[in-house]
Structures are given as C-alpha cells and as structure tokens.
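Next come the chains, spelled out residue by residue.
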Amino acid sequence: MALRPIIAICGTTGVGKSKLAVELALNLSEKLDSHGWKGGVVVNADAMQAYKGFNTITNKIPLGERAGVDHVLMDFKEPTEQYVVGQWVHDAIRAISDAHSVRKIPIVVGGTAYWMQHLIFPGRLAVEPGQLSGSDASPAPPDSSVLPLSNELSSTLSQITTDLRELFDALPEVPPSAVDDPGAALALYNLLHALDPTVAARWHWRDTRKVLRNLEIIRETGRTVSDIHREQSTATPTPRYDTLCLWLYADPTELKHRLDIRAEEMLQNNLLDEVRELSRLVLSSEEGDSSASASSIDFTFGIFQSIGFREFHQYLADPSPSEKKYLVAVENLKIANRQYAKRQVSWIRNKFLPAAHAAKTTEGTKCVKLYLLDATELPKWTSEVRDVANGLAEAFLRCDPLPDPPTLSSTAKTILSAVPVKATNPTEVLVARRKVICPVCTVDDALPVMIEEGSEWVAHTRTKVHKRLAAKDIRATRTGPSRLSVEPCT
C-alpha cells in the first residue's frame, strides 16, 4: 500500500522555515489542477511553539504573516504543562490524517528535528504513541498502563536494596531538583543504574527528568529500556509517510548576523514582559512552597526551556540590575541562539540525514527525499528557495521524477556529499554517548562529576580544575574514569 505524502521543512532557528511553509501552502492552493491537492496545512513541529501565548520568546509566526493558512499543534498547550515527543507524534499523526481527509498536504515545519525524526521514522521511541500512559505517550486505558515484569527485570529487582525497591514501587510524580535535593536525584540515578546500567550510562545523574522518565518506562513496560532498544535494533525502520524533506540552510556567518538581529527585535517587542510573566507562572506553580525561589526554576521543563528565559530571568531577578548586567544578558541571549542553531545543524547532519538515507519501504523503494535549499542570500530567496521548493513540491505530488539532491546548488553538493556515516541502530546510538564519573574531580561522593566519554572526557582532563585536583592527588587511589554509580553519603 502506497504511503501518504507529507512535506517536512527542517533547519535552524531564524532561517525562514515558517515563511517557506506558508509560501508552499499558498502555491499548492493555486496549483490545484496540477496535482489534485487543495492546498496545505502547517503542522507545527517546534516544541516551544506548542504552548499558548508568549509569542515573542517562542518566535511564533505572526497571524498576519500566516496569510490564512491553517496552523495546527501551535499555541494550544498550557505553559505549565509538559508536552513531549511521544505526545506530539500522536497528535501529529492525527493532524496529518485530518489534513489528508480534506485533500490538503500536511507541511510539517519546525526546529525540533528530534520530534520530526520520530514522526517520520516509527519504532524508535521506547514507548510508541498510544501504547501506554505516561509523559512520553498518549493516554491508554488504565488496565493496560502497566505490563507484567520480564523475568530479567524481576530477577534484578529481587537483588537490589530495600530502599531502591521501595523507590521503584513509589516513583515521584515530579523529578527532584538536583540543586535543591541532590540526594533524591542521585537515588533515582542509582536505581536506574541498578536496573539498566546501559541506559543509566547515557544520562547525567543531574538530568532527573530523563532519569525518571526511563524508570517510568521500565515500570510501565515491565522491561528495561536497553532491552526495548535491542528489539528495535533488529528491525529496519520503515517510514510512516512518503516524505519530501526540505532542509533550509544558511551559511553560519550570515546566520549569526540574522540571529543577532532577531535577538534585538525580540527585545524591542515584549521579551522582558514575557520573561516576567513566565517567572511569575513558574513560581506560583510551586503552590506555596516556602522553599520556592528563582534558583529552583527547572529550565529543562516545557516552555521554560525557551531561549531568552534563563538569560533574562536571572537579570530581572537580580536585586541590583545595571546597564552592564543588561548587556551581558543580551550577549548571552545571542550566544544561546547561535549555540542552538549549531545543535540543530548537528542533529540534522548526524541523526536525521543518516536515517533518511537508510530508510526504505518494505518494497525497497526510497520514500524520504531530502533536499537542501540554500537560504544564505535573502535577496535571492524567491529564485533559490521559494521557486525551487514549489517546483519540488509540485513534482513530488505529481509523482514526477525528482532531481538528484546535490545538483540543486554548490552548497547542496558540498554538504550532502559529506553526510557522515552514523549509527541509526538504537542500541549503537545508546552506547555511543556514555557518561562516566571522573574520580579525580569527584571530591564529594554525594555529588559525582560526570563527563561524556570521548572528546568531552579528553577536554575535561585538560581543564585547570582537573589538573589542579590531579596534582594534589586528592583521589590518589582512583586513576581513571568510573562507570559505577556512587551511593549518596548519609
């Protein structure tokens, strides 16, 4: 059975993805006779833009620029909610089906390439949408929310300490703060390490949200996450949709200039007002907790991850703000934008592209067509981005032959010809990024210092702090990295 078509637009922040999505949708409406589709529906794939309000800090496309094109999965979640990949994939599948039912093409667009990848390539989430309850899945019937324990997991649970078993049976609903309660955070990590050391090595003990989610998956599925990954690794990923993917790319030097301008524009709008309101929301959500303070804000939760919140929350909370501190916050905002853009490109190159190249249907045909559009020179947008994208979309929907991706431009040839050979197998991906404890820098066993293996470990060993502690021989009996968990001191 032929896969249904979608168009996906990925790329860095500030490169023009939303603009192109609207232009594509309008062109599809005008060319109805060419391909038989009645236009397009934009399906938001930006994690922050799913939340209601706060249009400046989340960089939503203004209503006036949407030109009447429907945008779904945008501006609908409460700011205090957590909305994660499994929930979004479930909602996106439904939105895509709704668009197809009225003969409109779903145009999935956003900077959260991680979400888009799991939408296009199923079978790679530990809990697939609709399977179980929990923060990474859509709701399931209560009687199916917890499955029997596997023999392996039952055996492991019978051997762990009483304290850890009690913790497993009564996991917290909210992850503890590694800053305010490091003992509870480390206890969670030790539990995960006892049950699934392979997965535990992937996360830092301070990343309590990820640690807790993995424990929830273990309890709900009755299996270790690494066991689920091993099973997934035996299957070749088959895409959900026949996908035309457009990677909107801009040269880093030019993009830096655009992102700096965007930061200034955000400040000219109401960025600081939105930061104040977000701060009020997060502190009021503590429900009268007397320990609640600015330092206890979890900047990894939901909309509070938005670039600009951390940078200006700290400035606004300062009891003695100054012009100098304001300028520091502005510079930190610009740096955060640039760093985010680099991470987005890295994900597309190292994760999304290898998956797209490896993906085939069960019949062996290629069904993810990925093209790079060079958006470096804005004066050439119409000829090098909009018109090219429209031509590709029309040919794709007519099932006409498509050009070879590297032939679109010299930039496309350079970048697409250098796609790295990366593991797409879930187990290989899991073990490729392990955290290890630095025995030299861990001067307090209740606060272990964890560093990722490889280049980060090498860089860490060259830092002044590490060298100074090594020279003092504080931990003389430990000479290398350790993968063992460290029980908190009592």
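Being a predicted model, the structure only gives us computed values, none of them experimental.

Caption draft 1: The overall build of the protein chain, seen in detail. Counting secondary structure elements, the protein chain contains 19 helices and eight strands. Looking at the protein chain as a whole, 49% of its 490 residues are labelled buried. A fraction of 74% describes how many contacts in the protein chain between residues 6 or more apart in sequence connect residues 24 or more apart. Total accessible area on the protein chain is roughly 23200 Å²; 53% of this is exposed by carbon and sulfur atoms.

Caption draft 2: Representation of the pairing of strand β1 (residues 5–11). Counted residue by residue, β1 has seven buried out of seven residues, so it is predominantly covered. Because side chains alternate across β1, one face comprises the buried residues Pro5, Ile7, Ile9 and Gly11, and the other comprises Ile6, Ala8 and Cys10, equally buried. In this sheet, strand β5 (residues 242–249) lies alongside β1 in parallel orientation, the contact comprising seven bridges. Looking across to β5, one finds that Pro5 is bridged to Asp242. The pairing of β1 with strand β4 (residues 105–109) spans three bridges and is classified as parallel. Bridging across to β4, Ala8 finds its partner in Val108.

Caption draft 3: Summary view of the packing of aromatic side chains. With the rule as written, the count across this model stands at twelve aromatic pairs. Relative to Trp115, the ring of Trp88 has its centre 5.3 Å away and its plane inclined at 25 degrees; by these criteria the two rings are stacked. Of this pair, Trp88 sits in helix α3 (residues 85–101) while Trp115 sits in helix α4 (residues 113–120), placing them 27 residues apart in sequence. As far as the burial class goes, Trp88 and Trp115 line up, both buried. With a centroid separation of 6.1 Å and 25 degrees between ring planes, the pair formed by Phe301 and Phe304 is classed as stacked. Classification of Phe301 as buried rests on a relative accessible area of 18%.

Caption draft 4: Region of interest: unusual backbone geometry. A positive phi angle, close to 50 degrees, is found at Phe54, a residue other than glycine. On the accessibility criterion, Phe54 (13% relative accessible area) is buried. Unusually for a residue other than glycine, Arg103 sits at a positive phi of about 60 degrees.

Caption draft 5: Representation of the packing of helix α12 (residues 271–284) against helix α13 (residues 309–317) within the structure. Two elements in contact, α12 and α13, have axes separated by 9 Å at closest approach and are oriented at 80 degrees. It follows from the interaxial angle that α12 and α13 lie roughly perpendicular. Where α12 abuts α13, its residues Leu271, Leu272, Val275, Arg276, Leu278, Ser279 and Val282 lie against Phe309, Phe312, His313 and Leu316. Split into classes, the residues belonging to the contact of α12 with α13 amount to eight nonpolar, two polar and one charged.

Caption draft 6: Representation of the sheet that holds strand β2 (residues 40–44) within the structure. Reading across from one edge, β3-β2-β4-β1-β5-β6 is the order of the six strands in this open sheet, with parallel pairing throughout. Since the sheet does not close on itself, it has two edges, and those belong to β3 (71–72) and β6 (368–374), each with one partner. Along the sheet face, α4 touches β1, β4, β5 and β6 and points at about 160 degrees away from the line of β1.

Caption draft 7: Representation of the nonpolar core in the model. Trp88, Val108, Trp247, Phe309 and Phe312 are the most contacted members of the largest nonpolar core, which has 64 residues in total. Top element by residues in this core is helix α14 (residues 323–358). It accounts for nine residues. In contact with Trp88, other than residues within four places in its own chain, are Asn44, Ala45, Leu73, Tyr83, Val108, Trp115, Met116 and Leu119. Counting 33 residues, the second largest nonpolar core, distinct from the first, contains Ile107, Leu246, Leu255 and Val385.

Caption draft 8: Representation of helix α7 (residues 182–195). With 14 residues, α7 should reach 20 Å at 1.5 Å per residue; the first-to-last C-alpha distance of 20 Å fits that figure. Along α7, the positions that sit buried rather than exposed are Ala185, Leu186, Leu188, Tyr189, Asn190, Leu191, Leu192, His193 and Leu195. Among the structural elements, α5 (151–157), α6 (162–169), α8 (197–200), α9 (208–221) and β8 (450–452) are those in contact with the buried residues of α7.

Caption draft 9: Highlighting the side chain of Glu311. Structurally, the position occupied by Glu311 is in helix α13. Among buried Asp, Glu, Lys and Arg side chains, Glu311 stands out as unpaired, with Arg310 the closest opposite charge at 5.3 Å. Here Gly308 takes part through its backbone nitrogen, which lies 2.8 Å from a polar atom of the side chain of Glu311. If sequence neighbours within four positions are ignored, Glu311 has contacts with Ala329, Asn332, Leu333 and Ala336.

Caption draft 10: Main features of the packing of α13 against α14. At a minimum axis separation of 8 Å, α13 and α14 run at an interaxial angle of 170 degrees. As judged from the angle between their axes, α13 and α14 are roughly antiparallel. Where α13 abuts α14, its residues Glu311, Phe312 and Tyr315 lie against Lys325, Tyr326, Ala329, Val330, Asn332, Leu333 and Ala336. Grouping the constituent residues of the contact of α13 with α14 by class yields seven nonpolar, one polar and two charged.

Caption draft 11: Geometry of helix α15 (residues 381–398). For α15, spanning 18 residues, the distance from its first C-alpha to its last is 24 Å, which sits close to the expected 26 Å at 1.5 Å a residue. Buried residues along α15 sit in contact with β1, α1 (17–30), α2 (32–35), β4, β5 and β6. Cys399 occupies a position one or two residues after α15 and carries a positive phi of about 65 degrees.

Caption draft 12: Representation of the pattern of salt bridges within the structure. A full pass over the atoms with the stated rule returns 27 salt bridges. Asp75 is the partner of Lys60 in a salt bridge, and the nearest nitrogen-oxygen pair spans 3.3 Å. Placement of the pair is Lys60 in the loop between β2 and β3 and Asp75 in the loop between β3 and α3, with a sequence separation of 15 residues. The partly exposed category is assigned to Asp75, whose relative accessible area is 36%. For Lys334, the salt bridge is made with Glu264, and the minimal N-O distance between the two is 2.8 Å. Of this pair, Lys334 sits in helix α14 while Glu264 sits in helix α11 (residues 252–268); the two residues are 70 residues apart in sequence, bridging distant segments of the chain. For Lys334, a relative accessible area of 14% translates into the label buried. Members of the salt-bridge network, linked through shared partners, are Lys31, Glu394, Arg398 and Asp400.

What counts, and where the lines are drawn
- Residues numbered from 1 in each chain as written.
- Predicted model: local features only at pLDDT ≥ 70, side-chain atom pairs only at ≥ 80, totals over all residues.
- Heavy atoms only, no water.
- Helix = DSSP H or I, 4+ residues; strand = E, 2+ residues; numbered from the N terminus.
- Buried < 20%, exposed > 50% of the residue type's maximum accessible area, 1.4 Å probe, protein only.
- Contact = heavy atoms within 4.5 Å.
- Areas by Shrake-Rupley, 256 points an atom, 1.4 Å probe, with all protein chains shown as cover.
- Pairing = 2+ DSSP bridges.
- Phe/Tyr/Trp six-rings, centres within 6.5 Å; stacked < 30°, edge-to-face > 60°.
- Axes fitted to C-alpha atoms, helices over the stretch in contact; angles between N-to-C directions.
- Parallel < 35°, antiparallel > 145°, perpendicular 65-115°, else oblique.
- Nonpolar A, V, L, I, M, F, W, Y, C, P; charged D, E, K, R; others polar.
- Core = buried A, V, L, I, M, F, W, Y, C linked by side-chain atoms within 4.5 Å.
- Expected span 1.5 Å × (residues − 1).
- Lys, Arg positive; Asp, Glu negative; His and termini not counted.
- Salt bridge = Lys/Arg side-chain N within 4 Å of Asp/Glu carboxyl O.
- Polar contact = N/O pair within 3.5 Å; in protein donor to acceptor, adjacent residues only side chain to side chain.

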